[in-house]
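Understanding the architecture of this molecule
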Amino acid sequence: MVTTDIFERCQSYTEARAAQAVGLYAYFTVFEGSDTTVARTSAGDVLMCGSNNYLGLTSDPRVRAAAQMAVEEFGSSRTGSRLLNGNTSLHEELERELADFLGMPSALLFPTGYQANLGVIASLLSRDDVVIIDREAHASVYDGCGLSPGRVRRFAHNDMEDLERRLANCPSDAGRLVVVDGVYSMAGDLCPLPETVRLCQKYGARLLVDDAHGLGVLAEGRGTSAHFGVTEQVDLITVTFSKSLASIGGAVLGPKHVIEYLRHHARSLIFSAAAPPASLAAAQAALRILRAEPWLCRQALENASFVHRELGALGYEPLPSETPIVCVPLDGVVPTLFTWHSLLERGVYVNAVIPPAASSRLRASFTAAHTPEQLKTAVAAFAAVRDLTPPDWSLEDWSPE
Ligand code: PMP
């Protein structure tokens, strides 16, 4: 009988259940403790090589103190949208500091980076406009496109010829927005921004760069646009505080009149509560540390490139990366979950990525806070699991009976 119960699909969602049943589930691990590189789990301490805490600032005493002071001064939350009762001097100060640091005219803070992308993409286009995105853009870019009335086109990852074809095919009277990630988080590769900028200028398109993973990492922290020296030609940049800035929150940076428009039109800002003061103060403290100590960015990059080299020497084939992200493609879901689990048994936590997020791979990231001994421990764990044989069945073969 055909069911109309929308909950029915929840019963048949077996992939996660299968992974749990065979002991290969890799998600929602419970972590405790405040150390940057070592986290506590119920099975013991693990070396954390799967966090976006690139500068290692989440446990920095200055960042923690700033968060604590903000709670004293502002309470735990303003419990409201910035449009109404949720705005604070902390929001506005951080907007000014971010714009100054990134060399952009103006900034607008959102509760998260995800919401920044949603708000910008959903509110700038009308029905006849076209948004053209890199196929590997972040999920929040895709979701922003889903909310936008504009027409959505995708181009092959980092393929400038394909981008040009899509731009050339836009109706002559359509507004155009191109959206790319500065750093692609599932591999660690960069967008070729100079060529992207050139094409946007040639075809009269505006360019939005999601620089979630470039901020605090490239060009002494100023990000991918600064790395390529094209900040003045990039129209809009979105950032998150949930990686190098050791907190949670997000922002868009761009021309004053566009920011002013978004302030009054971005629904993901207006209809959601403001980021709490402790988070903003933590991000602000992290930003100030980053400005004063740009060696942190170089340290994160050096640490990752050490591991990248060593994994290559072990016979892994990590994807090319110019960032703290080190991704190792593996041959399918079960081998990925199995290798993830084998590393965890040896006390090393990385992220297991499986479709539909991206093709199967382990995604590790290394921070300025990892010590040389910790990096060697991570490499040794990869060496130890190198020749283990994963099970040869697939999760679809599993049945609850
Ligand atoms: N863009 C990219 C490329 C990201 O990786 C992320 C976070 N994974 C976001 C946007 C969203 O940021 P937030 O965590 O602040 O919502």
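Residues numbered from 1 in each chain as written. Predicted model: local features only at pLDDT ≥ 70, side-chain atom pairs only at ≥ 80, totals over all residues.

**Re the overall build of the protein chain**
Each helix and strand in the protein chain was counted, giving 16 helices and 13 strands. The C-alpha radius of gyration of the protein chain comes to 22 Å, within 12% of the 21 Å expected for a compact globule of 401 residues. In terms of overall dimensions, the protein chain has C-alpha extents of about 55 × 55 × 45 Å along its principal axes. Taking the contacts inside the protein chain whose residues are at least 6 apart along the sequence as the reference set, 73% of them involve residues at least 24 apart. (Helix = DSSP H or I, 4+ residues; strand = E, 2+ residues; numbered from the N terminus. Rg over C-alpha atoms; globule rule 2.2 N^0.38 Å. Contact = placed C-beta atoms within 7 Å.)

**Points about the sheet that holds strand β8 (residues 236–240)**
Taking strand neighbours across the sheet as the criterion, the seven strands line up as β3-β9-β8-β7-β6-β4-β5 in an open arrangement whose pairing is mixed. The two strands at the open ends of the sheet, each matched to only one other strand, are β3 (106–110) and β5 (151–155). Between one strand and the next, the sheet's axes are offset by a mean angle of 20°, whatever the strand orientation. Two elements, strand β7 (residues 206–210) and β8, share three bridges in a ladder whose sense is parallel. Bridge pairing links Leu208 to Leu236 in β8. Against the sheet, helix α7 (residues 139–147) touches β4 (130–134), β5, β6 (176–181) and β7, its axis set at about 165° to β4. (Pairing = 2+ DSSP bridges. Axes fitted to C-alpha atoms, helices over the stretch in contact; angles between N-to-C directions.)

**Observations concerning the nonpolar core**
Grouped together as the largest cluster of nonpolar side chains are 121 residues, with contacts concentrated most on Val179, Ala251, Ala282 and Ala286. Element by element, the count of residues in this core is highest for helix α13 (residues 277–292), at 10 residues. If you count residues domain by domain, this core takes at least three from each of domain 1 (16–48 + 294–397) and domain 2 (61–292). (Core = buried A, V, L, I, M, F, W, Y, C linked by C-beta atoms within 7 Å. Buried ≥ 20, exposed ≤ 12 C-beta atoms within 10 Å, placed from the backbone. Domains from an automatic or database assignment.)

**Re the site of the ligand**
Close to the ligand lie 14 residues; Gly113, Tyr114, His138, Ala212 and Thr240 are nearest. Here the shell around the ligand gets three residues from one element, more than from any other, and that element is helix α6 (residues 113–124). Looking at the shell around the ligand residue by residue, the class counts come to two nonpolar, 10 polar and two charged. (Near = placed C-beta within 6 Å. Nonpolar A, V, L, I, M, F, W, Y, C, P; charged D, E, K, R; others polar.)

**Section: the UniProt feature "domain: Aminotransferase class I/classII large" (unreviewed entry) in the protein chain**
Here the UniProt feature "domain: Aminotransferase class I/classII large" (unreviewed entry) sits at residues 48–381. Secondary structure within residues 48–381 divides into 45% helix and 16% strand; the distance between the first and last C-alpha atoms comes to 13 Å. (UniProt positions renumbered as here; feature names shortened; annotations may be inferred.)

**A look at the domain arrangement of the protein chain**
Domain parsing of the protein chain yields domain 1 (16–48 + 294–397) and domain 2 (61–292). Taken over C-alpha atoms, the centre of domain 1 sits 28 Å from the centre of domain 2. Taken together, the 16 residues of domain 1 in the interface contact 13 residues of domain 2. For the side of domain 1 that touches domain 2, the secondary structure elements donating two or more residues are α14 (295–313) and β10 (325–329). When grouped by side-chain class, the residues that make up the side of domain 1 that touches domain 2 number 12 nonpolar, two polar and two charged.

**Quick notes on the environment of Gly75**
Here Gly75 is to be found in the loop between α3 (61–74) and α4 (82–86). The spatial distance from the C-alpha of Gly75 to the C-alpha of Arg298 is 36 Å, given a sequence separation of 223 residues.

**Some details on the pairing of strand β9 (residues 250–254)**
With five of five residues buried, β9 lies mostly within the body of the structure. Burial along β9 is two-sided: Gly250, Val252 and Gly254 and Ala251 and Leu253, pointing in opposite directions, are all buried. Pairing analysis gives four bridges linking β8 to β9, with the strands arranged antiparallel. Residue Val239 lies in a different strand from β9, and its bridge partner there is Ala251.

**Considering the environment of Phe228**
Within the secondary structure, Phe228 is located in the loop between α10 (224–227) and β8. Once residues within four sequence positions are removed from consideration, Phe228 is found in contact with Leu193 and Pro194.

**Description of the packing of helix α5 (residues 89–102) against α13**
α13 packs onto α5 with a crossing angle of 25° between their chain directions and a minimal axis gap of 10 Å. One finds that α5 runs roughly parallel with respect to α13. Handedness of the crossing formed by α5 with α13: left-handed. Taken together, the residues of α13 that come into contact with α5 (itself represented by Leu90, His91, Glu93, Leu94, Glu97, Leu98 and Phe101) are Pro277, Leu280, Ala281, Ala283, Gln284, Leu287 and Arg291. Considering only residue class, the contact of α5 with α13 consists of nine nonpolar, two polar and three charged. (Parallel < 35°, antiparallel > 145°, perpendicular 65-115°, else oblique. Left-handed = near helix turned anticlockwise from the far one by under 90°.)

**What about the confidence of the model for the protein chain?**
Summarising the model, the protein chain shows a mean pLDDT of 95, and 99% of its residues fall at 70 or more. ipTM for the predicted complex: 0.99, alongside a pTM of 0.96. (pLDDT = per-residue confidence, 0-100.)

**Some words on the sheet that holds β10**
Pairing is antiparallel in the open sheet, where three strands are placed in the order β10-β13-β12. The sheet is open, and its two edges are formed by β10 and β12 (351–353), each paired on a single side. Averaged over all pairs of adjacent strands, the angle between their axes in this sheet comes to 25°, without regard to strand direction. Bridge count for β10 against strand β13 (residues 361–365) is five bridges, and the pairing is antiparallel. Within β13, the position partnered with Cys327 by the bridge is Arg363.

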